[in-house]
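Structural characterization, general
Each chain is listed here by its residues.
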Amino acid sequence: MVSSGAQQYIQGQRTWAVRAARLFDGHALRAGRPLVLIEDSRIAGVDMTGAVPSADLPVVDLGDATLLPGLIDSHVHLAFDPDDRSKQAMADEDDQATLSRMRAHAGQQLEAGVTTVRDLGDRHFLAASLRDRYAAGTETGPEIVAAGPPITRTRGHCWFLGGEADGIAALEAAVEERIARDVDVVKVMATGGVTTPGWGPHQSQYSRDELAAVTRAAHAHGKPVTAHAHGRQGMADAVAAGVDGLEHASFFTEDGVEPDWKIVAAAVEAGIFIGATEAWLPTGAMVAPHMAERVAQRAENFARMHREGARLVCCSDAGAGPRKPHGVLPYGVIHFGSLGLTSTEALASVTSLAAQACGLAERKGRIAVGYDADLIAVPGNPLQELERLLDVRTVIRAGRTFKGPEMKGERR
Ligand SMILES: [Zn+2]
């Protein structure tokens, strides 16, 4: 329902409000009848009494819905087609073809309620260029935090993205190149991966000294480093090298999964974010069928990491495989709820905590005055039933309605 003041909204008034039955502010469910005041792209007020400050103010009432901060997926690959199993053909692909796929995937993220994505691996810094177009407002899409091509060994994991570098001098030069291309974060492949033949996921691609050279060079420019690390040794070396984040944190060995809780304790001590790539569609095949057992063991490890105080961020690795389409993140939140995290903790891991992991804690991941007006709404109460997150009906991105039946035809 749109109030009578909506006419002014349609004519371009930049202040409006959205009201719902509940509000999750990024940390907790707040009682009351929330009304969120939006001015341009920012949140200008949060009133839990539901009082409308002025009769002229256009108010969209969402009824029995819960407002949440837009979801943040801290690990995606907009360039990856989830159904393309080899992905190596990308090495010869035209940039325009890659970009049009990235735009489509970015739209799928937004449709699912993911208003911020951290792209941890593209080609030719295309995610950064899409980031700038979205930020300029000439195109609509999620906020993008961009890493550029992940740094990897020659013919190492995801080499076809163009980030090959061997030895300390080349690694330092690779970081400098990324700084010059205005990345937000540096991604390094500390170990091999599941999807690129040649280096097994348990194998280290770099020494501790090489990883330390990457973090030193990035930190000198104030940029964080996150390390793809499936193997136990690679995890230990990345933590010792001072990375800011670990992706996957799988504790894979050649034969299985063997956690080392001393590494986790060191990561907790250092405040390292653990990117738990736990969002999957509930059915379908794994990229590598033999991985199913290992992935189940890894999930148990994540539950214990959480109990031991790790900053566990729920994310997807969207695009990596057929069970990881773009916008799959809500399935990860549901899964987190089954690992012993409370619903509040599971939701915080894709809002306020994910914002910290992405370096955006001052303007994303919360519904609070001064924060970006990236909001979503779902029917009912997702704190009681996380599955509600699969039914995102309203998406507001930077103060503009991207999705929502109440606002049909009234997008500014
Ligand atoms: Zn990835």
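Each chain has its residues counted from 1, following the order in which its sequence is written. With pLDDT at 70 or above as the cut-off, local features in this predicted model cover only qualifying residues; side-chain atom pairs require 80 or more to be listed or tallied, and sums for whole chains, interfaces and linings still use all residues. In computing side-chain values, all of the structure's heavy atoms are included and hydrogens and water are not.

Some remarks on the coordination of the zinc ion
Reference geometry at the metal: tetrahedral coordination by four donors gives ideal angles of 109.5 degrees; octahedral coordination by six donors gives 90 or 180 degrees. Only nitrogen, oxygen and sulfur atoms qualify as donors, provided they sit within 2.8 Å of the metal or within 3.2 Å for Na, K and Ca; with water excluded from the atoms, sites may seem incomplete. Around the zinc ion, the protein contributes the donor atoms H75 (NE2), H77 (NE2) and D317 (OD), which lie 2.1 to 2.2 Å from the metal centre. Within one chain, the residues donating to the zinc ion are spaced in sequence as H-x1-H-x239-D. Of this pair, H75 sits in strand β8 (residues 71–76) while D317 sits in the loop between β15 (311–315) and α9 (329–338), and the two are 242 residues apart along the sequence. With respect to class, H75 is no different from D317; both count as buried. Helix and strand labels come from DSSP, where a helix needs a run of H or I of at least four residues and a strand needs a run of E of at least two; each type is numbered from the N terminus. To sort residues, take the accessible area from a 1.4 Å probe on protein chains only and compare it with the maximum for the residue type: under 20% means buried, over 50% means exposed, and anything in between is partly exposed.

Regarding the nonpolar core
Judged by nonpolar contacts, the single largest core of 93 residues is most densely connected at I151, L246, I274 and M305. Domain boundaries shown here were taken from an automatic or database domain assignment. Counting contributing residues per domain, this core is built from domain 1 (6–69 + 365–407) and domain 2 (71–357), each supplying no fewer than three. A contact between two residues is defined here by any heavy atoms of the two lying within 4.5 Å. Dropping the residues within four chain positions of it, I274 is found in contact with L246, A249, A267, F302, M305, A310, R311, L312 and V313. Definition used in this section: a nonpolar core is a set of buried Ala, Val, Leu, Ile, Met, Phe, Trp, Tyr and Cys residues joined via side-chain atoms within 4.5 Å. Formed by 19 residues, the second largest nonpolar core is a distinct cluster that contains L23, V36, L62 and Y371.

Description of the sheet that holds strand β1 (residues 15–19)
When DSSP finds at least two bridges between two strands, those strands are taken to pair. What the four strands build is an open sheet, ordered β5-β4-β1-β6; its pairing is mixed. Both edges of this open sheet fall to β5 (42–47) and β6 (59–61), since each of them pairs with a single strand only. Taking the axes of each pair of neighbouring strands and ignoring which way they run, one obtains an average angle of 20 degrees across the sheet. By the bridge criterion, five bridges tie strand β4 (residues 35–39) to β5 in an arrangement that is antiparallel. Every axis in this analysis is a line fitted to C-alpha atoms, fitted for helices over the stretch in contact. Angles between the N-to-C directions lie between 0 and 180 degrees.

A look at the packing of aromatic side chains
Between 30 and 60 degrees the pair is tilted, below 30 it is stacked and above 60 it is edge-to-face, where a pair is any two Phe, Tyr or Trp rings, Trp via its six-membered ring, whose centres lie within 6.5 Å. Applying the stated criterion across every chain, the model contains three aromatic pairs. Here W159 and F160 contribute two aromatic rings whose centre-to-centre distance is 5.9 Å and whose plane-to-plane angle is 85 degrees, an arrangement assigned as edge-to-face. Exposure remark for F160: the relative accessible area of 5% places this residue in the buried category. Between F251 and W261, the ring centres sit 6.4 Å apart and the planes meet at 50 degrees, which makes this aromatic pair tilted. One end of the pair, F251, is in strand β13 (residues 245–252); the other, W261, is in helix α7 (residues 261–270), and ten residues separate them in sequence. Each member of the aromatic cluster is reached from another via a ring pair, and the members are F80, W159 and F160.

Brief notes about the state of the cysteines
The bond known as a disulfide is covalent and runs between the sulfur atoms of two cysteines. Disulfide: a pair of cysteine sulfur atoms within 2.5 Å of each other. Scanning the model with the defined rule gives zero disulfides in all. The thiol sulfur of C314 is not disulfide-bonded, and the nearest other cysteine sulfur, from C315, lies at 6.6 Å.

Re the layout of surface pockets
Empty pockets left among the atoms are what a rolling probe the size of a water molecule brings to light. Buriedness of a pocket was judged along seven lines, with at least five required to meet protein on both sides within 12 Å; pockets are open sets of points on a 1 Å grid over the protein atoms alone, cavities are sets where a 1.4 Å probe fits but cannot get out, and lining residues have an atom within 4 Å of a point. Grid points are joined across faces, edges and corners, and a volume is the space filled by probe spheres set on the points. Within this model, the largest pocket holds a volume of roughly 850 Å³. In terms of lining residues, the largest pocket is bounded by 35 residues, among which S41, Y134, A135, R397 and A398 are the most central. Following the grouping adopted for this structure description, the nonpolar residues are Ala, Val, Leu, Ile, Met, Phe, Trp, Tyr, Cys and Pro, the charged ones are Asp, Glu, Lys and Arg, and the polar ones are all others, Gly among them. The residue makeup of the lining of the largest pocket, split by class, is twelve nonpolar, eight polar and 15 charged. Counting only domains with at least three residues in the lining of the largest pocket, you end up with domain 1 (6–69 + 365–407) and domain 2 (71–357). Its boundaries defined by the atoms lining it, the second largest pocket holds a volume of some 160 Å³. Lining the second largest pocket we find E278, W280, L281, P282, M286, A292, V295, A299, R323, Y331 and H335. Secondary-structure elements contributing two or more residues to the lining of the second largest pocket are α8 (292–307) and α9. Looking at the lining of the second largest pocket, the element that brings in the most residues is α8, giving three residues.

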